[in-house]
Amino acid sequence: MLERPETEVLVRARGLTKTFGSFTAVEGIDFDLYRGEAFGFLGPNGAGKSSTMRMIGCVSPPTSGELSILGRDPVRDGSAIRARLGVVPQEDTLDVELTVRENLLVYGRYFGLPRRVIRERAAALLEFVQLADRAGDKVDPLSGGLKRRLTIARSLINEPEILILDEPTTGLDPQARHVVWDRLFRLKQRGVTLILTTHYMDEAEQLCDRLVVMDHGRFAAAGSPRDLIARYCSPEVLELRFDPELHDAAADKLRDFSAERTEVLADRILLYVADGDAALAAVHAVGLEPLTSLVRRGTLEDVFLHLTGRRLED
Amino acid sequence: MVAVFSRGDDPPETPPALGGASRPPKPPWPPWLAFRAFQCWLTVYRRIWRSSIWSSVLGPICYIGALGLGLGTLVDRHSLASLGGVSYLAFVAPAILASGAMQTAMGEASYPVFGSLKWNRIYIGAQASPLGPADIFRGHLMFMVMRIAMNCAVVMVVMWAFGAIRSAWVVLAYPAAVLTGLAFAAPIAAWAVTVKVETSFNYIFRFVMIPLMLFSGTFFPISQLPPGLRALAEALPLWHGVALCRAFSLGTAAGDPLGMLGHAAYLTVLAAVGIWAGARTYRRRLYV
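Not measured: the values here are computed from a predicted model.

**Student:** Got a minute to help me understand the overall build of chain B in this structure?
**Tutor:** What chain B contains, in helices and strands, is ten helices and zero strands. Helices and strands in chain B line up, N terminus first, as α-α-α-α-α-α-α-α-α-α. Structurally, chain B occupies a C-alpha span of about 80 × 40 × 40 Å along its principal axes. The burial tally for chain B puts 43% of its 288 residues in the buried class. For chain B, the share of sequence-separated contacts (at least 6 apart) that also reach a separation of at least 24 residues comes to 85%.

Okay, here's the thing in structure tokens:
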């Protein structure tokens, strides 16, 4: 874990554990989240990300371990903590019968804000997520991307210090994802602490200052995206795709190749090497003819594969 | 760019240092938190009240018209002593008031509760705010009571229009009917939040609501039932609601004050148990 003792700790967990019956969703994780950073929980479905988010969101009591949010106990002071959090849940909980603006008004009332304040904030927030021209429209026909932006606007109605986002762009098309990322980046610039889960590599790389890789309820690794890639991945990756008939034979041959590491996937073979072009030349030299080849830099996807032996989106 | 995070005139918030002597905030008064949830339901209801008002008005007109006037003319020809010497219309109308309260309660406390978890997910959204599970429950219950009170008011007007009221005591039939509704709404909502598949509600409607409507002294006096069944009917919650509303509407309540207190106590206990249980079942379902 990176130590940054000079900044204020907003969330602290020690040995945080969550079990459901005999199933352990989160198994004794430790972390500190600092004010102003964007912190990511990365992992495949079922890794324990959402359970962790729910505990931080004070809607799920930890089974054991310590958890402190904004210096308070989530079980005893849940209501007071939630008043200072914003939550963007994995599935939208917008009221589709109401208009865009009404969704914000209803939500602001939950926080006990005066109507005048809610109206002012709603107008500014709809401007911020570029939905001002849809304020009077019903939510139902809006696209997934617009609904997500509305959910983000709604989560900001109480001017939260921490914004919790559970897979903020899952199910959105690439363009809509970029708009969401841009808005989240702006929030971070304004000092909002972001905590997000994702199983998208590019999302983590774009948004997160630090992240943890979660697998089976534990942290497999922690650090900045760049650190993780430097620590767990070679500088370059050579991706080879062979004729399916020849895939296994090629894999056998490449296993005792002088790569740092070789990963054989169902459809591709990845060679982790210092110099991708040199490695490709060497592959040709031993008489292998891949259908396609690609030299690229190492990514978080490779880190995850290395740490867990699984792909993220499996 | 609009300043989304300008704090305006708000008092400056100094975030507490971790582990330091942070003064715990004074939590809002719980009923006020529940009232916030209630306001959400009002906003939603503003969108749909027009469609709901038709069934609220037409239902009692049909029931009181068909039973009180239609069936009543047949019954009254035999001037039955078991009705207590009043017209069938006067006999059946307060029972329709009480059973209508029960029906509204069942309608509002079943699918809407389930839907707030599964369909429009109102509860899930509210949960991320300062509202706790008990606040969410009580806020929704407030709305259910409002709907019960609205529908009971309509039935009272229809009763008056049909000339089915025999006494000024009828003003007390109104709170009695609302209490009857609450005695159903609270326990049903407490149960509905635990329901995993929506077909469970069909069983409640078929095997609880309809028998209660038929055998609680609604359409005929329970003195007509064989003794064993009569004792059973007297244990049913709707019978107490019907007896209370009928005694006030016919003006016979003053003759049996202890009986009236007994009916009211039965319904109050049922409501209280439901309110107590709901805070727990909502917590168990939402706070996992």
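Still more to cover.
**Student:** Is there a simple way to think about helix H5 (residues 144-155) of chain A in this case?
**Tutor:** Spacing of three or four residues puts side chains on the same side of an α-helix, whose turn is 3.6 residues. Residue and element names in this part refer to chain A. For H5, spanning twelve residues, the distance from its first C-alpha to its last is 16 Å, which sits close to the expected 16 Å at 1.5 Å a residue. Within H5 the residues assigned to the buried category are Lys 147, Arg 148, Arg 149, Leu 150, Thr 151, Ile 152, Ala 153, Arg 154 and Ser 155. Those residues of H5 hidden inside the fold are in contact with strand S5 (85-88), helix H3 (100-110), helix H4 (115-128), strand S6 (162-166) and helix H6 (174-189).

**Student:** How do you make sense of the nonpolar core when you look at a structure like this?
**Tutor:** Core analysis: the biggest nonpolar cluster contains 172 residues, and Ala153(A), Ile164(A), Leu194(A), Leu97(B), Ala105(B), Ala185(B) and Ala189(B) have the highest contact counts within it. Those residues in contact with Leu194(A), other than ones at most four positions away along the chain, are Ala38(A), Phe39(A), Leu163(A), Leu165(A), Leu184(A), Leu187(A), Lys188(A) and Leu207(A).

**Student:** Hey, could you run me through the pairing of S6(A) in this one?
**Tutor:** The side chains of a regular strand alternate between the sheet's two faces. Residue and element names in this part refer to chain A. In terms of burial, S6 is a largely internal element, five of the five residues being buried. Both faces of S6 are covered, namely the face carrying Ile 162, Ile 164 and Asp 166 and the face carrying Leu 163 and Leu 165. Bridge analysis of S5 against S6 gives four bridges, and the strand direction is parallel. Bridging from a neighbouring strand, Val 87 pairs with Ile 164 of S6. Where S6 meets strand S7 (residues 193-198), five bridges bridge the pair, whose relative direction is parallel. Bridge assignment links Leu 165 to a residue of S7, and that residue is Leu 196.

**Student:** In this structure, what is going on with the interface of chain B and chain A? I would like to understand it.
**Tutor:** When the parts come together, some accessible area is lost, and that loss is often what is quoted as the size of the interface. Between chain B and chain A, the contact holds 34 residues from the first and 38 residues from the second. The set of elements that each furnish at least two residues to the side of chain B that touches chain A consists of helix H1 (30-76) and helix H4 (122-127) of chain B. With six residues, the top contributor of residues to the side of chain B that touches chain A is H1(B). Residue classes in the side of chain B that touches chain A are distributed as 21 nonpolar, ten polar and three charged.

**Student:** Would you take a moment to explain the sheet that holds strand S13 (residues 292-297) of chain A for this structure?
**Tutor:** All names here are of chain A. A sheet is described by the order of its strands in space; here four strands give the open sequence S11-S12-S10-S13, paired in antiparallel fashion. Either end of the sheet is taken by a strand with one partner, and the two such strands are strand S11 (261-264) and S13. Shown here is a sheet whose adjacent strand axes are inclined to one another by a mean of 20°, direction ignored. Packed on one face of the sheet, helix H9 (residues 244-255) meets S11 and strand S12 (269-273) and runs near 15° to S12.

What counts, and at which threshold
- Every chain's residues receive numbers from 1 upward, in the order its sequence appears when written.
- A letter from A marks each chain and a number from 1 marks each ligand, given out in the order of writing.
- This being a predicted model, a pLDDT of at least 70 is required before a residue's local features are given, and a value of 80 or more before pairs of side-chain atoms are given or counted; all residues contribute to the totals for chains, interfaces and linings.
- Note on conventions: DSSP H or I runs of at least 4 residues are helices, E runs of at least 2 residues are strands, and numbering of each starts at the N terminus.
- Counts of 20 or more other C-beta atoms within 10 Å of a residue's own C-beta define buried residues, counts of 12 or fewer define exposed ones, and intermediate counts define partly exposed ones; C-beta atoms are placed from the backbone.
- Contact criterion: two residues are in contact if their C-beta atoms, reconstructed from the backbone, are within 7 Å.
- For a helix, the expected span equals 1.5 Å multiplied by the number of residues minus one.
- As used throughout, a nonpolar core is a set of buried Ala, Val, Leu, Ile, Met, Phe, Trp, Tyr and Cys residues joined through C-beta atoms within 7 Å of each other.
- Strand pairing follows a simple DSSP-based rule, namely that at least 2 bridges must link the two strands.
- Only Asp, Glu, Lys and Arg are considered charged in this grouping, and only Ala, Val, Leu, Ile, Met, Phe, Trp, Tyr, Cys and Pro are considered nonpolar; every other residue, Gly among them, is considered polar.
- Between N-to-C directions, angles span 0 to 180 degrees; the directions come from axes that are lines fitted to C-alpha atoms, helices contributing only their stretch in contact.

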